[in-house]
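For reference, the chains in residue letters:
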Amino acid sequence: DIYISSQGEANCPLLNLVGGSEGATATCDNDHLGKRFRARVKSPAGLAIGVVTFTKSDISLLMQKTSIVKSAEVAHKLFHPDDLMDVLETVKCLYAVGRLWSIPFSAFPVDWRSVSENHQKFKEMRILGLVSKLMCVSIIGHDGDVEDEGDHLSISGYLTMLSELG
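Because the structure is a prediction, the values reported are computed rather than measured. (Residues numbered from 1 in each chain as written. Predicted model: local features only at pLDDT ≥ 70, side-chain atom pairs only at ≥ 80, totals over all residues. Heavy atoms only, no water.)

1. Here we look at helix 3 (residues 72-79)
- All buried positions along helix 3 are accounted for by Ala-75, Leu-78 and Phe-79. What you see down the axis of helix 3 is that its buried residues fit within an arc of 95°, all on one side.
- In this structure, the buried side of helix 3 is in contact with helix 1 (30-42), helix 2 (56-65) and helix 4 (87-98). (Buried < 20%, exposed > 50% of the residue type's maximum accessible area, 1.4 Å probe, protein only. Helix = DSSP H or I, 4+ residues; strand = E, 2+ residues; numbered from the N terminus. Arc of directions from axis to C-beta. Contact = heavy atoms within 4.5 Å.)

2. Quick notes on the pattern of salt bridges
- Applying the stated criterion across every chain, the model contains 2 salt bridges.
- Of the charged contacts in the structure, one is a salt bridge between Lys-92 and Glu-89, with a shortest N-O distance of 3.7 Å. With Lys-92 and Glu-89 both in helix 4 and 3 residues apart, the pair spans about one turn of that helix. (Salt bridge = Lys/Arg side-chain N within 4 Å of Asp/Glu carboxyl O.)

3. Here we look at unusual backbone geometry
- Look at Ser-67: it is not a glycine, yet its phi comes out positive at around 65°.
- Take Ser-67: it is sitting in the loop between helix 2 and helix 3.
- When its relative accessible area of 59% is taken as the criterion, Ser-67 is described as exposed.

4. Quick word on the packing of aromatic side chains
- For the coordinates displayed, the defined rule picks out 4 aromatic pairs.
- Look at Phe-105 and Trp-112: their rings are 6.1 Å apart centre to centre, the planes differ by 55°, and that puts the pair in the tilted class.
- The partly exposed category is assigned to Phe-105, whose relative accessible area is 23%.
- Between Phe-108 and Phe-122 the ring centres are 6.1 Å apart and the planes differ by 90°, which places this aromatic pair in the edge-to-face class. Remark: Phe-122 occurs in helix 6 (residues 117-143) and Phe-108 occurs in the loop between helix 4 and helix 5 (110-113); sequence separation between them is 14 residues.
- Following the ring pairs from residue to residue traces out a cluster consisting of Phe-105, Phe-108, Trp-112 and Phe-122. (Phe/Tyr/Trp six-rings, centres within 6.5 Å; stacked < 30°, edge-to-face > 60°.)

No statement about biological role is implied by the geometric values presented.
So this is what it looks like as structure tokens:
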């Protein structure tokens, strides 16, 4: 069972906890969730969405094939920034991965589209992208707007995007 007792004893393996005058309290903020997402994608096990497990290499390749990033080096930098704790670096990674949700199937090269397994991968990739976008929104919701290379992220823009999902 997951619990925090009135004496401050905790069994919460997925939460960060801090002690204080009120005992142990959860401290898992939105920035931390985004950083954990990035760390999970970078791990050898990758991140499972539906029946597909995405690794950093898979996501980097998808972002290159669809011109979200220009090179493997740019993708690598998104997952391995100089400062892993920098919220802006986390948002950049989440935003780039989040762009996968809106890429049409036709944007992929013909040879990629012709592989039958990639049809399912495409569906799961869109879910991965949307989850990443939503995490990005949750962070900029309390950290303000972020501009990066001419792209402007705002809460109103994401709300519009979500309303278009139907």
